[in-house]
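# Notes for the structure review
Listed below, chain by chain, are the residues.
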Amino acid sequence: MAKVVSAMEVRQNFGNLLNQVSLRDEEIVIERAGKPLARLVSVSAPTAGKLDFRDITKLPNQIWEE
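A short tour of the structure in this document, coming up. (Residues numbered from 1 in each chain as written. Predicted model: local features only at pLDDT ≥ 70, side-chain atom pairs only at ≥ 80, totals over all residues. Heavy atoms only, no water.)

Right, let's talk about the sheet that holds strand β3 (residues 35–40) for a bit. The strands making up a sheet are joined through hydrogen bonds of the backbone, oriented either antiparallel or parallel. What the three strands build is an open sheet, ordered β1-β2-β3; its pairing is mixed. Since the sheet does not close on itself, it has two edges, and those belong to β1 (3–6) and β3, each with one partner. With strand direction ignored, the average angle separating the axes of adjacent strands in the sheet is 35°. By the bridge criterion, five bridges tie strand β2 (residues 28–32) to β3 in an arrangement that is antiparallel. Following the sheet pairing, Glu 31 is matched in β3 by Pro 36. (Pairing = 2+ DSSP bridges. Helix = DSSP H or I, 4+ residues; strand = E, 2+ residues; numbered from the N terminus. Axes fitted to C-alpha atoms, helices over the stretch in contact; angles between N-to-C directions.)

A complete count under the given rule lists one salt bridge for this structure. In this structure, Arg 24 engages Glu 26 in a salt bridge whose closest nitrogen and oxygen atoms are separated by 3.5 Å. (Salt bridge = Lys/Arg side-chain N within 4 Å of Asp/Glu carboxyl O.)

Side-chain positions along a regular strand alternate between the two faces of the sheet. Both β1 and β2 contribute to a ladder of four bridges, which runs parallel. Note on β2: the bridge partner recorded for Ser 6 is Glu 31. From the end of β2 to the start of β3, which pair antiparallel, there are two residues, and Ala 33 there has a positive phi angle of about 55°.

With that settled, the discussion passes to the nonpolar core. Among soluble globular proteins, nonpolar side chains are generally buried collectively. Judged by nonpolar contacts, Val 5, Ala 7, Val 10, Leu 17, Val 21, Ile 28, Ile 30 and Leu 40 together constitute the single largest core of eight residues. Elements with a contribution of two residues or more to this core: α1 (7–12), α2 (14–24) and β2. (Core = buried A, V, L, I, M, F, W, Y, C linked by side-chain atoms within 4.5 Å. Buried < 20%, exposed > 50% of the residue type's maximum accessible area, 1.4 Å probe, protein only.)

Here it is, written out as structure tokens:
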């Protein structure tokens, strides 16, 4: 589950939050006025469930089977 932090906390603790994301593979949701605005994740984090339609070779085989 993602850790939720305010935009103000991000400004005050950005370096620490980057360490949490990069070293512990945590996900951080940034919110302002109680509404989620952005998500901070590691660039090496897997993109579970997302398909890249720009490259047909990355699509699951069952789509093309008849």
